Amino acid sequence: MITRDQISQVVGHPVHDSQGKKIGDAKHMYLDDRTGEPEWVTVKTGFFGNNETFVPTRSARMTEDHLEIPYDKDQVKGAPNVDVDSGGHLSVEEERHLYRYYGLEARGGAADDGEAAATGAAGRQSAPRAGTTGGEAGTGAAGYAAGRTGPAERAAGIEDDAMTRSEEEMHVEVERRAAGRARLHKFVEVEEVEETIPIRHEEVRLEREPITEANRGAALSGAEIAESEHEVVLHEDQPVIDTRVVPKERVRMRVEEHTEQKKVHGRVRKERIETDLSSDADTDPASGQGRDDPRFR
């Protein structure tokens, strides 16, 4: 359970679900009008923190620098949508609706007749409304309470004549997600290649030589007049094609991370304070200046 002394430790700090995962940041703290104790905390969720959801604080606890709640992220994001800017208070019906969603009973009574039998809290008074004393992240609970003094603060004697002006600041978080896939796939292709190689072959060329004393014996060794033949085998080279597998290179994928600057657009709210001079006359009685005088703005 969160106490009033822990409000400054909660507002503006991370909120983790029952699985220990961060679901957003605590934005506002709502107090019970009757007891003045924290009853609800709003959590900013979503990619840009645009959604603000109510979560009960009775089972929450501060751990180191964050708030832990006994609900998972999906349950918190699916909570009933309540306008946090509707006067700084939850209506009785809104609070009962939230109690029913989280399976709780209101302080001082059951959430509704159907839950009274299950919780054993029948006969108690209905739940009081809750007033806000939370603030913007980094401003602290006390500053925001001065600007929106609710019934709980007035009952405790906390009064201030100053008003706090707050603004929302855009905080962008980066979420890593899969953007695509890259694969290596090897195909077999057939390519026509051409290569020039030397090819040898044999040809017959006739040589005639006259009869000399050196070859006369060989010339007269045969018959004087007769038919005869002499055969010579001719050779030539023929190309024989064969293939061998030769490794050429190694190919791998290497993931490189590049950083680029990207403009992110969002919407933030900020408060503007103006003076409202209320009097029976249109002029200031002390100075005689008109109410539209710039000095009174």
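Calculation criteria
Residues numbered from 1 in each chain as written. Predicted model: local features only at pLDDT ≥ 70, side-chain atom pairs only at ≥ 80, totals over all residues. Heavy atoms only, no water. Phe/Tyr/Trp six-rings, centres within 6.5 Å; stacked < 30°, edge-to-face > 60°. 1 Å grid on protein atoms, 1.4 Å probe; cavity = no way out; pocket = protein on both sides within 12 Å on 5 of 7 lines; lining within 4 Å. Points joined across faces, edges and corners; volume = space filled by probe spheres on them. Nonpolar A, V, L, I, M, F, W, Y, C, P; charged D, E, K, R; others polar. Buried < 20%, exposed > 50% of the residue type's maximum accessible area, 1.4 Å probe, protein only. Helix = DSSP H or I, 4+ residues; strand = E, 2+ residues; numbered from the N terminus. Arc of directions from axis to C-beta. pLDDT = per-residue confidence, 0-100. Contact = heavy atoms within 4.5 Å. Patch = residues over 30% accessible without salt bridge, like charges linked within 9 Å, V, L, I, M, F, W, Y side chains within 5 Å. Areas by Shrake-Rupley, 256 points an atom, 1.4 Å probe, with all protein chains shown as cover. Salt bridge = Lys/Arg side-chain N within 4 Å of Asp/Glu carboxyl O. Lys, Arg positive; Asp, Glu negative; His and termini not counted. Charge placed at Lys NZ, Arg CZ, Asp CG, Glu CD. Pairing = 2+ DSSP bridges.

Chemist: Where do I start with the packing of aromatic side chains in this structure?
Modeler: The description of two aromatic rings rests on the distance between their centres and on the angle between their planes. Per the counting criterion, the structure on display carries five aromatic pairs. Among the aromatic residues, those joined into a ring-pair cluster are Trp 40, Tyr 71, Tyr 99, Tyr 101 and Tyr 102.

Chemist: Would you take a moment to explain the layout of surface pockets for this structure?
Modeler: Rolled over the atoms, a probe as big as a water molecule pinpoints where empty space is left. Taken as a whole, the second largest pocket encloses approximately 720 Å³ of empty space. Lining the second largest pocket we find 16 residues, and of these Val 174, Glu 175, Arg 176, His 258 and Glu 260 sit closest to its centre. Grouping the constituent residues of the lining of the second largest pocket by class yields six nonpolar, two polar and eight charged.

Chemist: Quick question: what am I supposed to make of helix H3 (residues 92-102) here?
Modeler: Along an α-helix, residues three or four apart share an orientation, since each turn contains 3.6 residues. Listing the buried residues of H3 in full gives Glu 95, Leu 98, Tyr 99 and Tyr 102. The buried residues of H3 occupy an angular sector of 100° when the element is viewed end-on, so they sit on one face. A positive backbone phi angle near 70° is found at Gly 103, which sits one or two residues after H3.

Chemist: Any chance you could explain the confidence of the model for the protein here in plain terms?
Modeler: For any part of a model where pLDDT is low, the fine detail of the predicted coordinates should not be relied upon. The share of residues in the protein with pLDDT of 70 or more is 72%, and the mean pLDDT across the chain is 76. Segment residues 109-158: pLDDT under 50, and 113 contacts once partners within four positions in sequence are set aside and those in other chains are kept. Counted against residues more than four places away or in other chains, residues 283-291, with its pLDDT under 50, gives 19 contacts.

Chemist: I tried to follow a positive patch on the surface on my own but got confused; where do I start?
Modeler: The grouping of Lys 186, Arg 250, Arg 252 and Arg 254 at the surface amounts to a positive patch. Mapped onto the fold, Lys 186 is located in the loop between helix H6 (151-155) and helix H7 (216-219). Judged by its relative accessible area of 79%, Lys 186 falls in the exposed class.

Chemist: In this structure, what is going on with the pairing of strand E2 (residues 22-32)? I would like to understand it.
Modeler: Along a regular strand, successive side chains alternate from one face of the sheet to the other. Extensive coverage of E2 is indicated by the burial of nine of its 11 residues. As paired strands, E2 and strand E3 (residues 38-45) are joined by five bridges and run antiparallel to one another. Among the inter-strand pairings, Leu 31 is bridged to a residue of E3, identified as Pro 38. As consecutive antiparallel partners, E2 and E3 are separated by five residues, and within that stretch Gly 36 has a phi angle of approximately 75°, a positive value.

Chemist: Help me understand a nonpolar patch on the surface in this model?
Modeler: On the surface, a cluster of nonpolar side chains totalling about 300 Å² of accessible area is made up of Met 170, Val 172, Val 264 and Val 268. Relative to the helices and strands, Met 170 is located in the loop between H6 and H7. Look at Met 170 and you get partly exposed, because its relative accessible area is 39%.

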